[in-house]
Amino acid sequence: MDTKQEVILSVRDLEVKFNLRGKVLHAIRGVSLDLYKGESLAIVGESGSGKSVFVKTFMGLLDSNGYVSGGSIEYDGKNLAQYTQDKQWRNIRGGQIAMVLQDPMTSLNPLKTVGKQICEALKLHRNMPKKQMKDAAIEILRDVGIPEPEKRFSQYPHEFSGGMRQRVVIAIAVACNPKILICDEPTTALDVTIQAQILHLLKELKEKYDLTTIYITHDLGVVANVADRIAVMYAGDIVEIGTCEEVFYNPQHPYTWALLSSLPQLGVKGQELFSIKGTPPNLFYHVEGDAFAPRNPQALNIDFKERPPYFEVSPTHKARTWLLDPRAPKVEPPESIRNIRNLKPLLNPDFVKTAAGGASDE
Amino acid sequence: MNEKKELLLQVKHLEVTFGNRSHKFRAVDDVSFDIYKGETFGLVGESGSGKTTIGRAIIRINPISGGEILYKGERISGKISRKKDKALTRQIQMIFQDPMASLNERAKVDYIVSEGLYSGEHRPSEGDRKKAVEESLSDVGLLPEFSSRFPHEFSGGQRQRIGIARALIMEPEFIIADEPISALDVSIRAQVLNLLSRLQKERGLTYLFIAHDLSVMRFITDRIAVIHKGRLVELCDTERLFAAPLHPYTQALLSAIPLPDPISEKKKKLLVYDPSIHKYEDNPPTWTEIEPGHFILANEPELEKYRRQLEKLG
Ligand SMILES: Nc1ncnc2c1ncn2[C@@H]1O[C@H](COP(=O)(O)OP(=O)(O)OP(=O)(O)O)[C@@H](O)[C@H]1O
Ligand SMILES: Nc1ncnc2c1ncn2[C@@H]1O[C@H](COP(=O)(O)OP(=O)(O)OP(=O)(O)O)[C@@H](O)[C@H]1O
Ligand SMILES: [Mg+2]
Ligand SMILES: [Mg+2]
């Protein structure tokens, strides 16, 4: 990647808390992140690690019992962390930062045709004259890979299959002409063939519309395809961040090791699949030391006492683990994840070549 | 697998139709397969291809409109005696697809897990019932205290295990697991899969495992059937299917599996299945055993091509 990159969004020491039945849950615990213009960043981590909450703060979409209790979010010269009113957010939502959610049905209005919903976005965010809107909307529907867009324009969401609906949601997001597109588990509800197509589509749209994208997922396999950089979240913190290659081929944090080891593609038939023991920490309580220590069989003593700082592995790669301290004993990553480099595609390309015809290339 | 395979379930020319006379929709069309005792049989295919419908036809929730289903050689589809119905309810259990939607939100775990026992021949005493609940919860790694809680107080993985516990309490021989892990986090997925394979070893269970993700299926199934729009297109030993996937739809499924390796994944070719490549108008396909244990839906010219491919592979 380029070394002199323009930062489009800059988060510093972000803290997010939720009030819940008289108790306080500390969901984001001091997270900093620079998002570079034009990059595609993936945020991975298990359920409850704070991925969604983190990105919701960029759009003022936290549930009403949640609030930013510290830190800053710089965007376009403004500190979004200090926004308090919907009026302020109106300029950001959609037009600057747009979001695609896991369940397409929740983001679509079942009572309005798909075309109407895209036109509304065009009107609001692009100030487009009415005459041009229909053509523009059809063009976008075509861009997201919907066949017969002229006909589909006047259909309702329920007339689309799950995969097609997700394309419509993406079409609406793109119609707003955002700078940053956040996709929160955009493909979890879809099956693998459709998932692969949607990821492919998102990559194309990113080029065509000059987008900066953030993907959120708990499936590391999905991000190998789409991410320039990967941030690994655990218990409300980014514990490791680096380029896609760095995180897959040279991971440093024991939690990243565990996450990679859980990939089914690394399993061996007849043997137990790797699983992370225990449960993540309860964020109602103060977390001491390295939050992953209780689940890490090789944790050091200091892991239970003191929170590790970030150690730099390369200018683009850092991790919060005491293992990178010069005084730490040498601990090797598990054998299995070293095989990642040698993974073969499940479909043997040579075998496919022997077939005259067969499935056609995309 | 061992040599003396014992047939447990036979599905013959199964057809399931939905809708009324004017809007008829065939969700399952001429589907045939056998499942042997002790094996894990996988059923994969895209959303809406009819996987759940087949599972529900086997446990007799969905009425069938054609073909028949045999269990241990006896017909279990259509009209059967009350006694047989009760016995089958015990022997064949289904773990349902969506752990969020399939548990009764207003009932406590204690009732949810033992619900099936109430419908049996012999109602257990309250003491036996409590003991059975405790045992099956511990089988799936849940604490006995959990029995007094409600489903919404559990995580996704725990709820999925509650679903498994309620199947296990019936001491079934055959379990239909409908996407038991798709909705789960990667770290919990492995836990549930390990649990299912441990139970299989301990109890000699037979599984019909439904999923759309072939990467997981590879590690847990002995054989896999691929379904597309209600029809089986290929059926084969798992390892062989990965080595010699003949049907273009099977190939497309395999090509779509994400490869967690940034360099090879970015180079990977995605295949898209286009059903119009088949020229079936004058030359319809048949379900043919192309090599021992390897079935495929194809017409004569296609079979010829596939045979040549297999020859080259050796
Ligand atoms: N409205 C809320 N009230 C209380 N706690 C909340 C609320 N929303 C989120 N949380 C908590 O904040 C933490 C982070 O949640 P978040 O939704 O960001 O997780 P996630 O990483 O997106 O997980 P998933 O992969 O399951 O979507 C969790 O512990 C969650 O329970
Ligand atoms: N009760 C029903 N009435 C009408 N149509 C139905 C009914 N149940 C299923 N179908 C239809 O039958 C087809 C097959 O559905 P099924 O649920 O078996 O698919 P599936 O392969 O399990 O898909 P998924 O992977 O999404 O679970 C779908 O087109 C579905 O809409
Ligand atoms: Mg989330
Ligand atoms: Mg289903």
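None of these values were measured; they are calculated from a predicted model.

**Student:** So what's going on with the site of ligand 2? Residues and values would help.
**Tutor:** Residues and elements named next belong to chain B. What surrounds ligand 2 is a group of 13 residues, the closest being Ser47, Gly48, Thr52, Thr53 and Gln97. Taking glycine 48, its main chain carries an N or O atom lying 2.7 Å from an oxygen atom of ligand 2. The backbone of glycine 50 places a nitrogen or oxygen atom 3.0 Å from an oxygen atom of ligand 2. Only β2 (25–36) and α1 (51–58) provide two or more residues apiece to the shell around ligand 2. Per element, the largest residue contribution to the shell around ligand 2 is 3 residues, and it comes from α1. Split into classes, the residues belonging to the shell around ligand 2 amount to 3 nonpolar, 7 polar and 3 charged.

**Student:** I'd like a rundown of the site of ligand 1, residues and numbers included.
**Tutor:** All names here are of chain A. Ligand 1 sits among 15 residues. The nearest are Ser47, Gly48, Ser52, Val53 and Asp63. Between glycine 48 and ligand 1, the recorded distance is 2.8 Å, taken from a backbone N or O atom to an oxygen atom. Serine 52 places a polar side-chain atom, nitrogen or oxygen, 2.8 Å from an oxygen atom of ligand 1. Relative to its free-state accessible area of 640 Å², ligand 1 is covered by the protein chains to the extent of 73%. Listing elements by their share of the shell around ligand 1, those giving two or more residues are β1 (7–20), β2 (23–36) and α1 (51–56). Considering each element in turn, the shell around ligand 1 owes the most residues, 3 residues, to α1. Class assignment of the residues belonging to the shell around ligand 1 gives a composition of 5 nonpolar, 6 polar and 4 charged.

**Student:** Give a detailed account of the interface of chain A and chain B, specifying residues and quantitative values.
**Tutor:** Tallying the contact residues gives 50 residues for chain A and 52 residues for chain B. It is A:Lys269, A:Leu346 and A:Phe351 that lose the most area in chain A upon contact with chain B, and together they represent 16% of the buried surface on that side. Taken together, chain A and chain B are joined by 0 salt bridges. At the junction of chain A and chain B, the tally comes to 5 residue pairs in polar contact (both at pLDDT 80 or more). Looking at which element gives the most residues to the side of chain A that touches chain B, the answer is helix α8 (residues 192–208) of chain A, with 5 residues. Here the residues of the side of chain A that touches chain B are counted per class, giving 26 nonpolar, 15 polar and 9 charged.

Cut-offs and rules
Per chain, the residues get numbers from 1 upward, laid out in the order the sequence is written. Working convention: letters from A go to chains and numbers from 1 go to ligands, in the order in which they are written. Totals for whole chains, interfaces and linings use every residue, but because this is a predicted model, local features are given only for residues with pLDDT of at least 70 and side-chain atom pairs only at 80 or more, for both listing and counting. Each side-chain value is derived from all of the structure's non-hydrogen atoms; neither hydrogens nor water enter the calculation. A molecule or strand has a residue near it when one of that residue's heavy atoms lies within 4 Å. Any pair of N or O atoms that falls within 3.5 Å is considered a polar contact. Within protein, one atom must be able to donate a hydrogen and the other to accept it, and sequence-neighbouring residues count only if both atoms are side-chain atoms. Secondary structure elements are defined from DSSP: runs of H or I of at least 4 residues count as helices, runs of E of at least 2 residues count as strands, and each element is numbered from the N terminus. Residue polarity is assigned by list, with Asp, Glu, Lys and Arg as charged and Ala, Val, Leu, Ile, Met, Phe, Trp, Tyr, Cys and Pro as nonpolar; anything else, Gly included, falls into the polar class. Areas reported here follow the Shrake-Rupley algorithm with a probe of radius 1.4 Å; residue values treat only the protein chains shown as occluding. The contact criterion used is simple: two residues touch if any of their non-hydrogen atoms lie within 4.5 Å. Put simply, buried area is the surface a 1.4 Å probe can reach on two separate parts but cannot reach once they are joined, added for both. The salt bridge definition used is simple: a Lys or Arg side-chain nitrogen within 4 Å of an Asp or Glu carboxyl oxygen.

No statement about biological role is implied by the geometric values presented.
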